[in-house]
Amino acid sequence: MDTKWRLIESGACNAFHNMALDEAIATEVRRGAAPPTLRFYGWDRPALTLGCFQKTSDINIEYCRSRDIPVVRRPTGGRAILHGDELTYSFAVRTDSGAFSHGLLDSYKRISTAFSIAFRKIGVRAEPKNEREKGRVLSRSPLCFQSSSYGEILTDNKKLVGSAQKRWNNGLLQQGSVPYLSQEEKLTGIFGAEKTAQLRDCMKTLKDILPLLDEDAFRKAVASSFEEAFGIRLLLSAPSQEESLLAAELRERKYLQDHWNLRQQP
């Protein structure tokens, strides 16, 4: 595996571009045109992402429309996340050889280990979960942060990072969210008061633990922890021309379309 990986810091973008660019980067990484790539980004306004196979009946679409909250379906699995004040990351890497060639659970654990190192660097004790939840437990809630599975990061038995993965035969894309603050009013409107109340017992935001969090220092801690965990160097970069063109195409053809975002699942 390459010892020089890419770090792309995109800043705040709209929801549809964020999903399209993640898929475009993963496509180029899988075909060998780009090295493993870690991307940090944010959101130009609160936005809701759905898991690739999630039912739209899980959410109040009309509430989202009335509050101008974009709804976009991720290329990765998992369940819904309301994005806002957070660090969002994606990671794309080939899986046909090297450290990430050992399957889904192993790759989750490896990435979570890097995040555990980053949290320790900023004074937060958080560790990956070592037990698997059964499917029925995971399916009870449409909210990503309402239950945790193997490899996900917990602090005081509460979820700190929500992540989901898409795998191909030669690569993976993992997308994840580290919330800094909760958005209870919007969560209540989208999912209902009962589920939002239950969420308080299942998740923590980073500013619950560190009210004076230095967000820039945290991003740097995550980047340096990836370097430490995988024995590589991250080189600050930008999407290639091919990735930018493909992202624009995917945004128009897929991520801006209701047939992708709002399709019902069986």
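*Asks:* Describe the layout of surface pockets, naming the residues involved and giving the relevant values.
*Replies:* Of the volumes computed, that of the second largest pocket is approximately 200 Å³. Taken together, 13 residues form the lining of the second largest pocket, with F16, R65, I69, P70 and V71 sitting closest to its centre. For the lining of the second largest pocket, the element with the highest residue contribution is helix 2 (residues 61-66), accounting for three residues. Here the residues of the lining of the second largest pocket are counted per class, giving eight nonpolar, one polar and four charged.

*Asks:* Kindly report on the sheet that holds strand 12 (residues 233-237), identifying the contributing residues and their values.
*Replies:* Strand order in the open sheet made by the six strands is 10-11-6-2-1-12, with mixed pairing throughout. The outermost strands of the open sheet, each flanked by one partner alone, are strand 10 (162-167) and strand 12. Averaged over all adjacent pairs, the angle separating strand axes in this sheet is 20 degrees, with direction ignored. Pairing analysis gives five bridges linking strand 2 (residues 37-43) to strand 6 (residues 86-94), with the strands arranged antiparallel. Considered in strand 6, the bridge of T37 is made with A92. Contacts between helix 3 (residues 104-121) and the sheet are confined to strand 6, strand 10 and strand 11 (171-179), with strand 10 contributing the most and set at about 145 degrees to the helix. In the packing of helix 8 (residues 215-230) onto the sheet, contacts are made with strand 1 (4-13), strand 2, strand 6, strand 11 and strand 12, and the angle to strand 2 comes to roughly 160 degrees.

*Asks:* Give me the lowdown on the packing of helix 1 (residues 15-30) against helix 9 (residues 241-255), citing residues and values where you can.
*Replies:* The N-to-C vectors of helix 1 and helix 9 enclose an angle of 130 degrees; their axes lie 8 Å apart at closest approach. Put simply, helix 1 runs oblique to helix 9. Between helix 1 and helix 9 lies a crossing whose hand is right-handed. Contacts between helix 1 and helix 9 pair F16, H17, M19, A20, L21, E23, A24, I25, T27 and E28 from the former with E242, E243, L246, A247, L250, R251, K254 and Y255 from the latter. Its residues assigned to classes, the contact of helix 1 with helix 9 comprises ten nonpolar, two polar and six charged.

What counts and what doesn't
- Residues numbered from 1 in each chain as written.
- Predicted model: local features only at pLDDT ≥ 70, side-chain atom pairs only at ≥ 80, totals over all residues.
- Heavy atoms only, no water.
- 1 Å grid on protein atoms, 1.4 Å probe; cavity = no way out; pocket = protein on both sides within 12 Å on 5 of 7 lines; lining within 4 Å.
- Points joined across faces, edges and corners; volume = space filled by probe spheres on them.
- Helix = DSSP H or I, 4+ residues; strand = E, 2+ residues; numbered from the N terminus.
- Nonpolar A, V, L, I, M, F, W, Y, C, P; charged D, E, K, R; others polar.
- Pairing = 2+ DSSP bridges.
- Axes fitted to C-alpha atoms, helices over the stretch in contact; angles between N-to-C directions.
- Contact = heavy atoms within 4.5 Å.
- Parallel < 35°, antiparallel > 145°, perpendicular 65-115°, else oblique.
- Left-handed = near helix turned anticlockwise from the far one by under 90°.

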